[in-house]
Amino acid sequence: MTRIWDITRPVGPGSWVWPGDRAFESALTWKMTEGASCNVGQVTMSCHTGTHMDAPFHFSPRGETAESIPLEACVGPCIVLPIDSLDRATGERVLVRAAGGAPTVAQVERLAGLRLFGTDGPSVDPVASKTLDAHHALWKKGAVILEGLDLSNVPDGEYQLVALPVKLVGMDAAPVRAILLEK
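Residues numbered from 1 in each chain as written. Predicted model: local features only at pLDDT ≥ 70, side-chain atom pairs only at ≥ 80, totals over all residues. Heavy atoms only, no water.

**Quick word on the layout of surface pockets**
Working step 1: Reported here for the largest pocket is a volume of approximately 250 Å³.
Working step 2: Lining of the largest pocket is provided by 17 residues; of these, Trp18, His48, His58, Pro122 and Ser123 occupy positions nearest its centre. (1 Å grid on protein atoms, 1.4 Å probe; cavity = no way out; pocket = protein on both sides within 12 Å on 5 of 7 lines; lining within 4 Å. Points joined across faces, edges and corners; volume = space filled by probe spheres on them.)

**Some words on the environment of Pro77**
Working step 1: Secondary-structure assignment places Pro77 in strand β5 (residues 75–82).
Working step 2: Residues Pro77 and Met171 lie 94 residues apart in sequence; the distance between their C-alpha atoms is 27 Å.
Working step 3: Setting aside residues no more than four positions away along its own chain, Pro77 makes contact with Arg93, Tyr159, Gln160 and Lys183. (Helix = DSSP H or I, 4+ residues; strand = E, 2+ residues; numbered from the N terminus. Contact = heavy atoms within 4.5 Å.)

**Points about helix α2 (residues 133–141)**
Working step 1: Taken as a whole, α2 has its buried residues at Ala134, His135, Ala137 and Leu138. Taken end-on, α2 shows its buried residues confined to a sector of 165°, consistent with a single buried face.
Working step 2: Structurally, α2 contributes buried residues whose contacts are with β4 (52–54), α1 (105–110), β7 (116–119) and β8 (144–147). (Buried < 20%, exposed > 50% of the residue type's maximum accessible area, 1.4 Å probe, protein only. Arc of directions from axis to C-beta.)

**A closer look at unusual backbone geometry**
Working step 1: One non-glycine residue, Ala99, adopts positive backbone phi at about 50°.
Working step 2: Residue class for Ala99 comes out exposed when judged on its relative accessible area of 79%.
Working step 3: Here the phi dihedral of Leu132 falls at roughly 50°; this positive angle occurs in a residue that is not glycine.
Working step 4: If you trace the backbone, Leu132 turns up in the loop between β7 and α2.

**Details of the packing of aromatic side chains**
Working step 1: Tallying each qualifying case throughout the model produces 2 aromatic pairs.
Working step 2: With a centroid separation of 5.6 Å and 80° between ring planes, the pair formed by Trp16 and Trp18 is classed as edge-to-face.
Working step 3: Taking the relative accessible area as the measure of exposure, Trp18 reaches 30% and is therefore partly exposed.
Working step 4: Ring geometry for Phe59 versus Trp139: centroids 5.5 Å apart, planes at 80°, classification edge-to-face. Of this pair, Phe59 sits in the loop between β4 and β5 while Trp139 sits in helix α2, and the two are 80 residues apart along the sequence.
Working step 5: Residue class for Phe59 comes out buried when judged on its relative accessible area of 11%.
Working step 6: Overall, the relative accessible area of 33% leaves Trp139 in the partly exposed class.
Working step 7: One Lys or Arg, Arg3, reaches over the ring of Trp5 and ends 3.6 Å from the middle of that ring. (Phe/Tyr/Trp six-rings, centres within 6.5 Å; stacked < 30°, edge-to-face > 60°. Lys NZ or Arg CZ within 6 Å of the ring centre and 35° of its normal.)

**Some words on the nonpolar core**
Working step 1: Core analysis: the biggest nonpolar cluster contains 24 residues, and Ile7, Met53, Leu95, Leu146, Leu161 and Leu180 have the highest contact counts within it.
Working step 2: Counting only elements with at least two residues in this core, the list comes to β5, β8, β9 (157–165) and β10 (173–182).
Working step 3: Leaving out residues up to four positions away in the same chain, Leu95 has contacts with Ile7, Cys78, Ile79, Val80, Leu81, Leu116, Gly118, Leu146, Leu149, Leu151, Leu161 and Leu180.
Working step 4: One finds Val96, Leu114, Leu138 and Ala143 within the second-largest nonpolar core, a separate group that totals 18 residues. (Core = buried A, V, L, I, M, F, W, Y, C linked by side-chain atoms within 4.5 Å.)

Structure below.
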């Protein structure tokens, strides 16, 4: 039996959001306890809440939006490793345990054939960055950006990644349910 690692951060009240961004809120608009035939919920949140993919529009006014994220980049073999081992990373999909860090542009440029780069941090750039250099370097390579992963229990190694973004038209990012399948 294939082991499935859920690497998606839970989203709910109290979920971390970028300072000044929209906090998660939820409510039931229809309630069976009040006579409705079913429960119907609603959520309000930033597109960057929890595990999500950044679309190029997030950091470039000419960039494509979330519905254009190429799904073929989001499914396939990947490697999980700590960011301090990034220089030995190979393959089309790389997921890092950032430990509060971020990849440098030079590290990104050395990743040959990269289609997706993921991090357990809130951003692929340092939190204080205003220029988003890693975002731009990854976009230049044609790589999808996956942020906010939960890699805390996943051993280093090779896996199959499935990380599908919600098809949000015109938006700068999209929530993702991400899993790893053990090889």
